[in-house]
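# Architecture and fold: a report
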Amino acid sequence: MHIEFLVLSLIQVSAALQFPVQFLSVYKSMAPNPSPTRLDPEAYPEAPPGLALEQVHVYIRHGERTPVGVRMNRPPASIPEHWPMCFAGRKFSAPVWEPSTILNEAYSAATVDLNRVVELRNGSATPGVCMLGELTDIGRTSTHEYGKALRRLYIERLRFLPDSYQGISPVYYRSTNVPRTIESLQQVINGLYPDGKSPQRPYLLIRYIDGEPVRIDGKPRASGILDTIRAAKAHGIRVPKDFNDPEVMDLIEYAVVQEWFGLGYKNHEYRKLAMGPLLSDLQSKMQKKVDEGEKDPLKLLVYSTHDTALAGIVSALDVFDHRWPEFTASVTFELFKKTPEVIQQSTFLGLNFKWTDLVPSSVGIRGTADVPSPSDYFVRMRYQNNSMTIPHCAKSGNHLGGSPEFCTLKAFQEHIKALTPDDWDAECVPPQPNPTL
């Protein structure tokens, strides 16, 4: 969509929706400048010599969205109730059934092009108005930029993924069953493998979890304020000057972080129930890669999720910086393997030599590239553009010498196992009160 058309549409709808003039002027000035990606391919630190990248897991928060509730829309804050920032998502092709021309088939799949318009309480219907919690055009831009950054890093710089592919995809895509995460992942996919680079339609898996999410009881108010202010700032909407004071925002952020992740994640049982299944799924996919090697085609796994998931991951692994994750923030886990030359190296009486220099190639040697061993693999965790040192991995013997951020796969799996419930459904049932007390 041309930006001139976008701005013209904003001007045309302003009268019907009564948007503040400064809201439109700010949006017009920022629209040509998309949000910068939070992933910096140039700042990525490559692994030490002797380690080869085997698999990457990326958990990314969705892009910029509107607030999930209407707050502070009256003076003196006057944050608009309706945001005209969702033009791209209003044009789509919807799947429908239609009478089939194929013999013995009554109906077949087809598509119909639609324009979705929000109808307001006063009966007016104006293009581009967002729903609550909806991914905006700016959010679509930032997540598309994230996908392009993944391409620059893992395809163009590291040559880890193919430039294009046919047949089985080397990438796994999964999202929570929420429109803003699904649409964010669609943008990431298009940035990573644009048209012509992936001739086959990729699978986008939707993870459904039955039941209510695990969270601390209560009705947070500070979190609603923080959500609205951050969403407004991300879209260039002016907020009361008090919310531009770093001390005020730090205080609000601290209160929200403590409420959501303070007391809860200090409890081991809470960590297991909140993050155990997700982390267990992560390590099991890594183990599958170790066991199957090249027979497992998956090299990059992208999960589109929420701020609470990212903060939960870093909290459970004791590397949380106590800052609420920004839009398109991401947590990455990279699986590395010792190269064959390093695996074949062994130390004897302080001298380095290759076992293959002494033993015929027909004799199997444990620890060579033919027999994968957990000691040959390492996991590095990254949050945004920083490598994280997991405290459990920093212990002696649990990491690559001189590089505590490279956790041995064995130590990583031990830690994840301690955080994984034996029976999540049974352990989630609240304890029944003792009638004898």
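Analysis parameters
- Residues numbered from 1 in each chain as written.
- Predicted model: local features only at pLDDT ≥ 70, side-chain atom pairs only at ≥ 80, totals over all residues.
- Heavy atoms only, no water.
- Buried < 20%, exposed > 50% of the residue type's maximum accessible area, 1.4 Å probe, protein only.
- Helix = DSSP H or I, 4+ residues; strand = E, 2+ residues; numbered from the N terminus.
- Pairing = 2+ DSSP bridges.
- Core = buried A, V, L, I, M, F, W, Y, C linked by side-chain atoms within 4.5 Å.
- Contact = heavy atoms within 4.5 Å.
- Salt bridge = Lys/Arg side-chain N within 4 Å of Asp/Glu carboxyl O.

### A short note on the pairing of strand E6 (residues 171-176)
The buried fraction of E6 is high, at five of six residues. Where E6 and strand E8 (residues 300-305) come together, five bridges link them in parallel fashion. The residue bridging Val-171 from the neighbouring strand is Leu-300, located in E8.

### Observations concerning the nonpolar core
With 57 residues, the main nonpolar core has Leu-279, Ile-313, Leu-317, Phe-333, Met-381 and Phe-412 as its most contacted residues. Elements with a contribution of two residues or more to this core: helix H5 (222-234), helix H6 (246-262), helix H7 (268-292), E8, helix H8 (307-316), strand E9 (330-338), strand E12 (377-383) and helix H10 (409-418). Broken down by element, the residue count for this core peaks at seven residues, all from H7. Look past the residues within four positions of Met-381 in its chain and what remains in contact with it is Ile-313, Val-314, Leu-317, Val-319, Val-331, Thr-332, Phe-333, Asn-386, Ser-387, Met-388, Ile-390 and Glu-405. Among the nonpolar cores identified, the runner-up in size contains 29 residues, and Val-58, Tyr-165, Tyr-173 and Leu-400 belong to it.

### Some remarks on the pattern of salt bridges
All chains considered together, the criterion is met by 21 salt bridges. Between Glu-134 and Arg-90 there is a salt bridge; the shortest N-O distance is 2.7 Å. With Glu-134 in the loop between strand E5 (125-126) and helix H3 (137-157) and Arg-90 in the loop between strand E1 (51-61) and strand E2 (91-99), this residue pair connects regions lying 44 residues apart in the sequence. Arg-90 carries the same exposure label as Glu-134, and that label is buried. Among the ionic pairs, Asp-163 bridges to Lys-197, the shortest N-O distance being 2.7 Å.

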